[in-house]
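As a plain string of letters, each chain reads:
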Amino acid sequence: MGLYVEAHIRVGLDELWARTQDPAQHRRWDLRFTEIDYLPRVEGEPQRFRYATRVLPFLTVAGTGVSAGEKERPDGTRTSALRFASPHPLSLLAEGSGYWRYVPGGDGVRFLTGYDYRPRWGRPGAVADRLLFRPLMGWATAWSFDRLRLWLERGVTPERALRNWLAEMAVRALVLLAACSGLVCGALMDAAGPLAPLALFATPVLAVLAALSALFVPPLPSTPAARRCLRTPHAHARAPRLLTTLELQR
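Sequence order as written defines the numbering, with residues in each chain counted from 1. In view of the model being predicted, local features appear only for residues whose pLDDT reaches at least 70, and side-chain atom pairs are presented and counted only at 80 or more, with totals across whole chains, interfaces and linings using the full set of residues. Side-chain measures here rest on the full set of heavy atoms in the structure, leaving out hydrogens and waters.

**Student:** Teacher, can you tell me more about the packing of aromatic side chains here?
**Tutor:** The description of an aromatic ring pair uses the distance of the two centres, along with the angle that the planes make with each other. Two rings from Phe, Tyr or Trp (for Trp, the six-membered ring) form a pair when their centres sit within 6.5 Å of each other. Planes less than 30 degrees apart are called stacked, planes more than 60 degrees apart edge-to-face, and all others tilted. In total, this model carries 12 aromatic pairs according to the counting rule given. Between Trp-29 and Phe-145 the ring centres are 6.1 Å apart and the planes differ by 70°, which places this aromatic pair in the edge-to-face class. Here Phe-145 lies in helix H3 (residues 122-154) and Trp-29 lies in helix H2 (residues 23-29), a separation of 116 residues in the sequence. We note that Trp-29, like Phe-145, is buried. As a reminder, the over-ring test applies to NZ of lysine and CZ of arginine, requiring each to be within 6 Å of the ring centre and within 35 degrees of the ring normal. Across the ring face of Trp-151, the terminal group of Arg-19 is positioned such that the distance to the ring centre comes to 4.2 Å. Over the ring of Trp-17 we find Arg-78, and its NZ or CZ is 5.4 Å from the ring centre. Helix and strand labels come from DSSP, where a helix needs a run of H or I of at least four residues and a strand needs a run of E of at least two; each type is numbered from the N terminus. Relative accessibility decides the category of a residue: with a 1.4 Å probe and only protein chains considered, values under 20% of the type maximum give buried, values over 50% give exposed, and everything between is partly exposed.

Next comes the structure, spelled out in structure tokens:
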């Protein structure tokens, strides 16, 4: 049941590493976090951090974690691993762990993540996680990875990417609303009997086409989309050994 997301980003390895390992840069593109701050670090120890997510305008859920990275590996890849937990009673996510892998290629970097967590609230929490929270987390991760890709490849800042997405979702919602209204109008016209003008019979057809376009037309190139990311792990995908060396202090 672990989550997996992979994006191919046409950028240099060092630049991708900087945008993902710097907390100030990370929180700009990652939809899952509102705040990420490093805590004081002892030389030779893993980096500990605090994170927070604004769930509602007046509700912020916070937690802590520990991370470590391998910037130089014999195969040319890089790895970052972390463990995290939230003591907040309203946080469905109790504790978890995950990793990032950076796999350079001829035309960019395969940037991928795998992570899992334990939900709280017992049986109700497990059901809520399976039906709602876990799919939402998977979508948010993939959407964020594509927003990062747009930032690195096209220079579309995370803030502008969010505005683009909100504007496009608003247009799609309006088109869908108009399509549904058209279907209702078409049904009323059909009920008027055989004397209704023949030209009006096309309304339901056009409404269906509009609804399908609102739902399935691909997003604009400057709009982030989760669908652009791979969501199924490769057969050989596995957590790095680095993850086993981390211990989360409570």
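**Student:** Even after reading the chapter, I still don't get the environment of Leu-176, so can you show me in this structure?
**Tutor:** By the element assignment, Leu-176 lies in helix H4 (residues 158-191). On the basis of relative accessible area, Leu-176 is assigned to the partly exposed category, the value being 29%. Separated by 37 residues in the primary sequence, Leu-176 and Ser-213 have C-alpha atoms spaced 8.6 Å apart.

**Student:** Explain the nonpolar core to me, please; I cannot follow it from the model alone.
**Tutor:** Taken as a class, soluble globular proteins show a tendency for nonpolar side chains to be buried jointly. Core analysis: the biggest nonpolar cluster contains 20 residues, and Ile-9, Leu-16, Trp-29, Tyr-102, Phe-111, Phe-145 and Leu-148 have the highest contact counts within it. At the level of secondary structure, the elements contributing two or more residues to this core comprise strand E1 (3-9), helix H1 (13-21), strand E6 (93-105), strand E7 (108-119) and H3. A per-element tally of this core places H3 first, with six residues. By the convention used here, residues are in contact when the closest approach between their heavy atoms is within 4.5 Å. Those residues in contact with Tyr-102 that lie beyond four places of it in its chain are Leu-13, Leu-16, Trp-17, Thr-20, Gln-21, Thr-77, Arg-78, Thr-79, Ser-80, Val-109, Arg-110 and Phe-111. Definition of nonpolar core: a set of buried residues of the types Ala, Val, Leu, Ile, Met, Phe, Trp, Tyr and Cys, connected through side-chain atoms within 4.5 Å. Val-66, Ala-68, Leu-242 and Leu-243 belong to the second-largest nonpolar core, a separate cluster that totals nine residues.

**Student:** Sorry, what's going on with the sheet that holds strand E2 (residues 35-38) here?
**Tutor:** One key point about sheets: their strands pair by backbone hydrogen bonds, in either a parallel or an antiparallel sense. One open sheet accounts for seven strands, arranged E1-E7-E6-E5-E4-E3-E2; its pairing is antiparallel. Edge positions in the sheet fall to E1 and E2, since each of these pairs with one other strand and no more. For this sheet the average axis-to-axis angle between neighbouring strands, irrespective of direction, equals 20°. Examined bridge by bridge, strand E4 (residues 59-70) and strand E5 (residues 78-85) share seven bridges and lie antiparallel to one another. From the neighbouring strand, Ser-67 faces E5, where its bridge partner is Leu-82. Lines fitted to C-alpha atoms define the axes, with helix axes restricted to the stretch in contact, and inter-axis angles between N-to-C directions lie between 0 and 180 degrees. H1 contacts E1, E2, E4, E5, E6 and E7 of the sheet and is inclined by roughly 165° relative to E6. Packing of H3 onto the sheet brings it into contact with E1, E6 and E7, and relative to E7 it is tilted by some 160°. Whether two strands pair comes down to DSSP finding at least two bridges between them.

**Student:** Just to check I follow, could you spell out a nonpolar patch on the surface for this structure?
**Tutor:** Taken together, the side chains of Val-127, Leu-131 and Leu-132 define a hydrophobic patch exposed on the protein surface, amounting to about 320 Å² of accessible area. Within the element layout of this structure, Leu-132 appears in helix H3. The patches described consist of residues with a relative accessible area above 30% and no salt bridge, like charges being joined within 9 Å and nonpolar side chains (Val, Leu, Ile, Met, Phe, Trp, Tyr) within 5 Å. Areas reported here follow the Shrake-Rupley algorithm with a probe of radius 1.4 Å; residue values treat only the protein chains shown as occluding. By convention in these notes, a salt bridge is any Lys or Arg side-chain nitrogen within 4 Å of a carboxyl oxygen on Asp or Glu.

**Student:** Which parts of the structure should I look at to understand the pattern of salt bridges?
**Tutor:** Tallied over the entire structure, the rule returns 17 salt bridges. Of the charged contacts, one joins Arg-27 and Asp-37 as a salt bridge, the two residues approaching to 3.7 Å between their closest N and O atoms. Of this pair, Arg-27 sits in helix H2 while Asp-37 sits in strand E2; the two residues are 10 residues apart in sequence, bridging distant segments of the chain. A relative accessible area of 33% means that Arg-27 is categorised as partly exposed. For Asp-37, a relative accessible area of 33% corresponds to the partly exposed category. When the shortest N-O distance is used, the salt bridge between Asp-30 and Arg-32 registers 2.7 Å. Asp-30 sits in the buried class, given a relative accessible area of 1%. In this structure Arg-32 comes out as buried when scored by relative accessible area, which is 12%.

**Student:** Explain the side chain of Thr-113 here, please?
**Tutor:** You can see Thr-113 is positioned in strand E7. For Thr-113, a relative accessible area of 2% puts it in the buried group. In protein, a polar contact means a hydrogen-donor-capable atom and an acceptor-capable atom, both N or O and within 3.5 Å, with residues adjacent in sequence counting only if both atoms are side-chain atoms; elsewhere, any N or O pair within 3.5 Å suffices. A distance of 2.9 Å separates a polar side-chain atom of Thr-113 from the backbone oxygen of Tyr-99. Other than its neighbours up to four places away in sequence, Thr-113 contacts Leu-3, Tyr-4, Val-5, Tyr-99, Trp-100, Thr-141 and Phe-145.

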